[in-house]
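# Descriptive analysis of the structure
These are the residues of each chain, in order.
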Amino acid sequence: MKVEQIYTGCLAHAAYYIESNGVAAVFDPLREVQPYIDRAQIDNAEIKYVFETHFHADFVSGHLDLRKKAGAEIVFGPGAKPSYEATVAEDGQIFEVGDYKVKAIHTPGHTMESTTYLLIDENGDEHGLITGDTLFIGDVGRPDLAQHVVSDLTEEKLAAHLYDSLRNKIMPLNDNLIVYPNHGAGSACGKMMSKETTDTLGHQKKVNYALRPDMSKEEFIKELLTGLTTPPGYFPQNVLMNIKGYESLDAIMNRATTALSPEAFEVAANESGALVLDTRDAEDFAEGFIPNSINIGLEGNFAQWVGEMIPDVKQQILLVTYPEKEEEAITRLSRVGYDNTIGYLKGGFPSWKSSGKEYETTKRISVETLKDAMAHEKPLVIDVRKKSEYDSQHVIGAINVPLNEINKHLAQFPKNSPFILYCAGGYRSMISASILKQRGWEDFTDVIGGFDEILEAKLPVSDYVCPTTLL
């Protein structure tokens, strides 16, 4: 059996495609559905099913567009209540995809409708498991997301359900099954995920902390909930979009790919109150940017940080990108539900600058300059990495204000004295710098290369402590 991971995109999400004898199925599709349609055309196949493992929180699924364009039947697990036409499977129900079979196994815990799909090949042999957010490589799904949508679900209740699902539904299955999870390292949907994209179930039983055979339910709940932090604010909004439906990506692209001159861009920003989102690299942004714009670079964890830093998915957005990167930015915004891009700056920032319009810059320093400053004075240094990264190792004397909490702790950034920002490599510190500039801070600098360069330069840092959580 061939199971094709045809796309790995934002937040390390994986969508899977299978085809047998001219019939195809897609599991948890990303929002831009054309790659699945193209793949089916290459195989001379009809996409019969779109299988959803659960109502996703970290991205908007492409199931509705795929149903519309390919005529595919949407399938959810037991208990799902979508606001559109879909099949809600029974536990153990079999679906035929050519000579293959797909068995729905209800595995509540990450969410109550979470379902794992057992893949059975043409010989009747069990091949693998599409596990969604139930089982990852090295981890299991976090059990605290559904409570932000359904108030009477607690993370303890969900964790207990997940324990039962893993012990009673997953672990009794054959060790040679290949596990195909929805996420790998970098996702906010788990805390200890491996960079590996597949593994055998038998190996996971040996190495995955959550599958330890002698673990009691109470131990499982305690261990699973330890180290969880508040999920990004856009997660519940994406869940509701996946339950209730959304506008087609084609309509969004038609609206968003409106090229605006500097003059029209300025008028649109003033009249609409739209957020100006600059997606260029930190280095280019620092050298010049439109006043009040926020920098979140495309060449990084773009969707994750958009979701973290822009609280409302309905926020109108005006884009500044490199030329020919506009459609990529619009698409990646839409993957996480930010569908209200109303246009982009034609010609990018150079056109704004050449028009003579006002622009700003932000200061950056090298690690050598930081080293010299620390040797001769005691500058305030602020580490904007995650708490777990800071706790693991940091510049001696630095304080920690994680980027995703910056708006709650602005008082820790002095307005009347200088300070220095750093993150791991300069991506997050420039997001921080743009936010601070927008809010009126001026007397600060950003460290080029961040903590990676700081370690190379052998600046005084704390002893390394292995992190106990990746959140």
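Before reading on, note that the structure itself is shown above.
A few points on the structure. Just so it is clear, the model here is predicted, and its values are computed rather than measured.

### Some thoughts on the overall build of the protein chain
Each helix and strand counted, the protein chain has 16 helices and 22 strands in total. For a compact globule of 471 residues, the expected C-alpha radius of gyration is about 23 Å, and the protein chain comes in at 24 Å, within 12% of that figure. A total of 471 residues make up the protein chain; the buried ones form 56% of that total. Considering only contacts within the protein chain whose residues lie at least 6 apart along the sequence, 69% involve residues at least 24 apart. Here the protein chain displays about 19,500 Å² of accessible surface, and carbon together with sulfur accounts for 48% of that area. With 44 positive and 69 negative side-chain charges, the protein chain shows a separation of 3 Å between the mean positions of the two kinds.

### Overview of the nonpolar core
In this structure, Tyr36, Ile296, Tyr338, Phe413 and Leu421 are the most contacted members of the largest nonpolar core, which totals 75 residues. Discounting residues that sit within four places of it in the chain, Tyr338 has contacts with Tyr234, Val306, Gly307, Ile310, Asp312, Val313, Ile317 and Leu333. Counting residues in hydrophobic clusters, the runner-up holds 26 residues, among them Ile105, Leu166, Ile170 and Leu177.

### Notes on the packing of helix H10 (residues 302-309) against helix H11 (residues 326-335)
Packing of H10 against H11 brings their axes to within 9 Å, and their N-to-C directions diverge by 60 degrees. Compared by their axis directions, H10 and H11 come out oblique. As H10 runs across H11, the sense of the crossing is right-handed. Residues Phe302, Ala303 and Val306 of H10 pack against Ala329, Arg332 and Leu333 of H11. Tallied by class, the residues present in the contact of H10 with H11 amount to five nonpolar, no polar and one charged.

### Re the pattern of salt bridges
A full pass over the atoms with the stated rule returns 24 salt bridges. Close ionic contact of Lys169 with Asp91 constitutes a salt bridge, the shortest N to O distance being 3.0 Å. Residue Lys169 is located in helix H3 (residues 155-170), and its partner Asp91 is located in the loop between strand E6 (87-88) and strand E7 (94-97); the two are separated by 78 residues in the primary sequence. Classification of Lys169 as partly exposed rests on a relative accessible area of 27%. Overall, Asp91 belongs to the partly exposed group, its relative accessible area being 43%. Within the structure, one salt-bridge network assembled from shared partners comprises Arg212, Asp214, Glu219 and Glu223.

### Looking at the side chain of Asn295
Assignment of secondary structure puts Asn295 in strand E15 (residues 294-295). Separated by 3.0 Å, the side chain of Asn295 and the backbone oxygen of Asp278 make a polar contact. Reaching out from Asn295, the side chain makes a polar contact with the backbone oxygen of Arg280 at a distance of 2.9 Å. Apart from residues lying up to four places away in sequence, Asn295 is in contact with Asp278, Thr279, Arg280, Ala282, Phe285, Met430, Ile431 and Ser434.

### A closer look at the pairing of strand E9 (residues 115-120)
Of all the six residues making up E9, six are buried; the element is thus mostly covered by neighbouring parts of the structure. Neither face of E9 is open: one carries Thr115, Tyr117 and Leu119, the other Thr116, Leu118 and Ile120, and all of them are buried. Judged from the four bridges that link them, E9 and strand E10 (residues 126-132) form a sheet pairing that is antiparallel. The residue of E10 that forms the bridge with Tyr117 is Ile130.

### Observations regarding helix H7 (residues 249-256)
Of the positions making up H7, those classed as buried are Leu249, Ile252, Met253 and Ala256. Buried residues in H7, looked at end-on, bunch into an arc of 95 degrees, giving them a common side. As for H7, its buried residues are in contact with helix H2 (63-70), H11 and strand E17 (341-345).

### Describing the side chain of Asp28
Within the secondary structure, Asp28 is located in the loop between strand E3 (23-27) and helix H1 (34-42). Put simply, Asp28 is tucked away with no salt bridge, and the nearest opposite charge, on Arg31, sits 14 Å away. Of the polar contacts made by the side chain of Asp28, one reaches the side chain of His56; its length is 2.8 Å. Setting aside anything within four residues of it in sequence, one finds Asp28 in contact with His13, Ala14, Ala15, Phe51, Glu52, Thr53, His56, Phe59, Gly132 and Asn182.

### Brief notes about the environment of Val33
Within the fold, Val33 resides in the loop between E3 and H1. On the basis of relative accessibility, which here comes to 4%, the residue Val33 falls in the buried class. Along the primary structure Val33 and Leu64 are separated by 31 residues, whereas in three dimensions their C-alpha atoms are 9.6 Å apart. With near-sequence residues (within four places) excluded, Val33 lies in contact with Gly62, Asp65, Leu66 and Lys69.

### A word on the packing of H3 against helix H5 (residues 217-225)
Contact geometry of H3 with H5 gives a least axis separation of 9 Å together with a crossing angle of 120 degrees. Looking at the two axes, H3 sits oblique to H5. For H3 against H5, the interelement crossing comes out right-handed. Facing Glu155, Glu156, Ala159, Ala160, Leu162, Tyr163, Asp164, Leu166 and Arg167 of H3, the residues of H5 in contact are Lys217, Phe220, Ile221, Leu224 and Leu225. Among the residues forming the contact of H3 with H5, the class breakdown is nine nonpolar, no polar and five charged.

### Description of H3
For H3, the complete set of buried residues consists of Leu158, Ala159, Ala160, Leu162, Tyr163, Ser165, Leu166, Arg167 and Ile170. Summarising the contacts, the buried residues of H3 are in contact with E9, E10, helix H4 (201-207) and H5.

### Here's the deal with the sheet that holds strand E18 (residues 364-365)
By definition, the strands of a sheet pair up through backbone hydrogen bonds, in either a parallel or an antiparallel sense. Across the sheet, which stays open at both edges, the five strands sit in the order E18-E22-E21-E19-E20 with parallel pairing between neighbours. The sheet is open, and its two edges are formed by E18 and strand E20 (399-400), each paired on a single side. Sheet analysis places strand E21 (residues 419-422) next to strand E22 (residues 444-447), joined by three bridges and oriented parallel. For Phe419, the partnering residue across the bridge sits in E22 and is Phe444. Contacts from helix H15 (residues 427-438) reach E18, E21 and E22, with the element oriented near 140 degrees to E21.

Conventions and cut-offs
- Throughout this document, residue positions are counted from 1 along each chain, in the order its sequence is written.
- Note on the predicted model: pLDDT of at least 70 is required for a residue's local features to be given, and 80 or more for side-chain atom pairs to be given and counted; whole-chain, interface and lining totals, by contrast, use all residues.
- For side-chain calculations, the full set of non-hydrogen atoms in the structure is used, while hydrogens and water are omitted.
- Numbering of helices and strands runs from the N terminus, with a helix taken as a DSSP run of H or I at least four residues long and a strand as a DSSP run of E at least two residues long.
- Here the globule rule is a power law, 2.2 Å times the number of residues to the power 0.38, and the radius of gyration is based on C-alpha atoms.
- Buried means the residue's accessible area, taken with a 1.4 Å probe over protein chains only, is under 20% of the maximum for its type, while exposed means over 50%, and partly exposed covers the values in between.
- Here, residues are in contact when the closest pair of their heavy atoms is within 4.5 Å.
- Shrake-Rupley sampling with a 1.4 Å probe provides the accessible areas, and residues are treated as covered by the protein chains on show and by no other component.
- Charge counting follows a simple rule: Lys and Arg are positive, Asp and Glu are negative, and His as well as the terminal groups are ignored.
- A single reference atom marks each charge: NZ on Lys, CZ on Arg, CG on Asp, CD on Glu.
- Buried Ala, Val, Leu, Ile, Met, Phe, Trp, Tyr and Cys residues that are joined via side-chain atoms within 4.5 Å together make up what is termed a nonpolar core.
- All axes are obtained by fitting lines to C-alpha atoms, using only the stretch in contact for helices, and the reported angles, taken between N-to-C directions, cover 0 to 180 degrees.
- Should an angle fall under 35 degrees it is called roughly parallel, over 145 degrees roughly antiparallel, and 65 to 115 degrees roughly perpendicular, with every other angle called oblique.
- The crossing is said to be left-handed when, going from far helix to near helix, the turn is anticlockwise and less than a right angle, and right-handed when the turn is clockwise.
- Residue polarity is assigned by list, with Asp, Glu, Lys and Arg as charged and Ala, Val, Leu, Ile, Met, Phe, Trp, Tyr, Cys and Pro as nonpolar; anything else, Gly included, falls into the polar class.
- The salt bridge definition used is simple: a Lys or Arg side-chain nitrogen within 4 Å of an Asp or Glu carboxyl oxygen.
- Think of a polar contact as two N or O atoms within 3.5 Å of one another; within protein, one of them needs to be a possible hydrogen donor and the other a possible acceptor, and neighboring residues in sequence only count if both atoms come from side chains.
- When DSSP finds at least two bridges between two strands, those strands are taken to pair.
- In this context, the arc is that of the directions from the helix axis out to the C-beta atoms.

By themselves, these figures tell us nothing about what the structure is for.
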